[in-house]
Structure formats: C-alpha cells, structure tokens
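Next come the chains, spelled out residue by residue.
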Amino acid sequence: MPEVTITIGGRSFDVACQPGEEHFLHAAAGMLDAEARVLSDQIGRLPESRMLLMAGLMLADKTAGLEDKVRELEDRVTELGAEAEGLRNVPAPEPERIEVPVVPGAVVDTLAELAARAEAAADQVEAKARSD
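Residues numbered from 1 in each chain as written. Predicted model: local features only at pLDDT ≥ 70, side-chain atom pairs only at ≥ 80, totals over all residues. Heavy atoms only, no water.

Okay, the overall build of the chain next. Assigned secondary structure in the chain consists of three helices and two strands. Secondary structure elements of the chain occur, N-terminal to C-terminal, as β-β-α-α-α. The globule rule puts the C-alpha radius of gyration for 132 residues at 14 Å, and the 43 Å found for the chain is more than 25% above it. Counting only C-alpha atoms, the chain reaches 125 × 45 × 35 Å along its principal axes. Counting all 132 residues of the chain, 14% fall into the buried class. Intrachain contacts of the chain at a sequence separation of at least 6 include 31% that bridge at least 24 residues. Looking at the chain as shown, the accessible area adds up to about 10800 Å², and 58% of this sits on carbon and sulfur atoms. (Helix = DSSP H or I, 4+ residues; strand = E, 2+ residues; numbered from the N terminus. Rg over C-alpha atoms; globule rule 2.2 N^0.38 Å. Buried < 20%, exposed > 50% of the residue type's maximum accessible area, 1.4 Å probe, protein only. Contact = heavy atoms within 4.5 Å. Areas by Shrake-Rupley, 256 points an atom, 1.4 Å probe, with all protein chains shown as cover.)

As structure tokens, this is what we get:
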C-alpha cells in the first residue's frame, strides 16, 4: 500500500492509500489545505486537531451546499424530461389548408385573345412592310 506525504496547514502527514489513488489523495489534501490556510490567515496558529476539524467542517458546508444545488438541478432535469415526454406525446397538428390565389379562367381567356389580336396586328404590319 503506497504511503503519500501530504501537507495541510503547513503540517506534513504521512497517509497510506490504495495503489493508483495517490492522485485523488493529493487532490483531497489540496482542498483541505486550502481551507486550513484560510483558517490560518484569519485566526492564526491553531492546534492540529482544531485546524483539521474546522477545515473539515468548512469543506462539509461547501459539500452540503453543492449537494443541495445538485438536488435542485436533478429535480429540474426531471421536470424538463417530463415536459419533453409530454411534448412527444402531443399529436401532430392537423394539416392546414392553404389556398393560393389562382388567376380566373375568364382572365386567362381574355389575355389569350389579346395576345392573338396583337400577333395578328403584328402580322398585318409585317405584311404591309413587305408589300411596300
């Protein structure tokens, strides 16, 4: 079992851990050391047991706050999941009929007649131009 030396509040401690967990132990010790340094800066030198107790309580307080936040977020995720499920179960809306305006047949016929007259007039003009 590996033994690791950690420093908390300026004091060194030898701690045993499982193989491969050294990194996690150093990370946890770093968090505890940060809280111990805050205490040392605010209060000054404390007995080792008091320093560790207070630093542990400060970390526990932060952890409790984070656990509350996690619970709130889990509740919100559950709400959003239920809302999403409800939306999945809503039937698709009925297709909406959209009418596009169409040119009335009478107008089309009139335009065709005007085009025919214009072509006939153009033919007459061309015929007169050739005969002159």
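On to the side chain of Glu 35, then. Its place among the elements puts Glu 35 in helix H1 (residues 22-43). Judged by its relative accessible area of 6%, Glu 35 falls in the buried class. Setting aside anything within four residues of it in sequence, one finds Glu 35 in contact with Ala 55, Met 58, Leu 59 and Lys 62.

All right, on to the pairing of strand E2 (residues 11-16) then. Bridge count for strand E1 (residues 3-8) against E2 is six bridges, and the pairing is antiparallel. Bridge pairing in E2 places Ile 6 opposite Phe 13. (Pairing = 2+ DSSP bridges.)

According to the stated counting rule, one finds eight salt bridges in the structure shown. Glu 85 is the salt-bridge partner of Arg 88, the closest N and O atoms lying 2.8 Å from each other. One end of the pair, Arg 88, and the other, Glu 85, are both in helix H2 (residues 48-89), three residues apart, so they sit about a helical turn from each other. For Glu 85, a relative accessible area of 39% translates into the label partly exposed. (Salt bridge = Lys/Arg side-chain N within 4 Å of Asp/Glu carboxyl O.)

All right, on to H2 then. In this model, H2 (42 residues) spans 61 Å end to end at C-alpha, consistent with the 62 Å of a helix rising 1.5 Å per residue. Along H2, the residues that are buried comprise Met 51, Ala 55 and Leu 59. Against E1, E2 and H1 lie the buried residues of H2. (Expected span 1.5 Å × (residues − 1).)

Counting 14 residues, the largest nonpolar core has Ile 6 and Ile 8 as its most contacted members. For this core, the leading source of residues is H1, giving five residues. Apart from the residues lying within four places of it in its own chain, the contact partners of Ile 8 are Phe 13, Ala 29, Leu 32, Asp 33, Ala 36, Met 51 and Leu 52. (Core = buried A, V, L, I, M, F, W, Y, C linked by side-chain atoms within 4.5 Å.)

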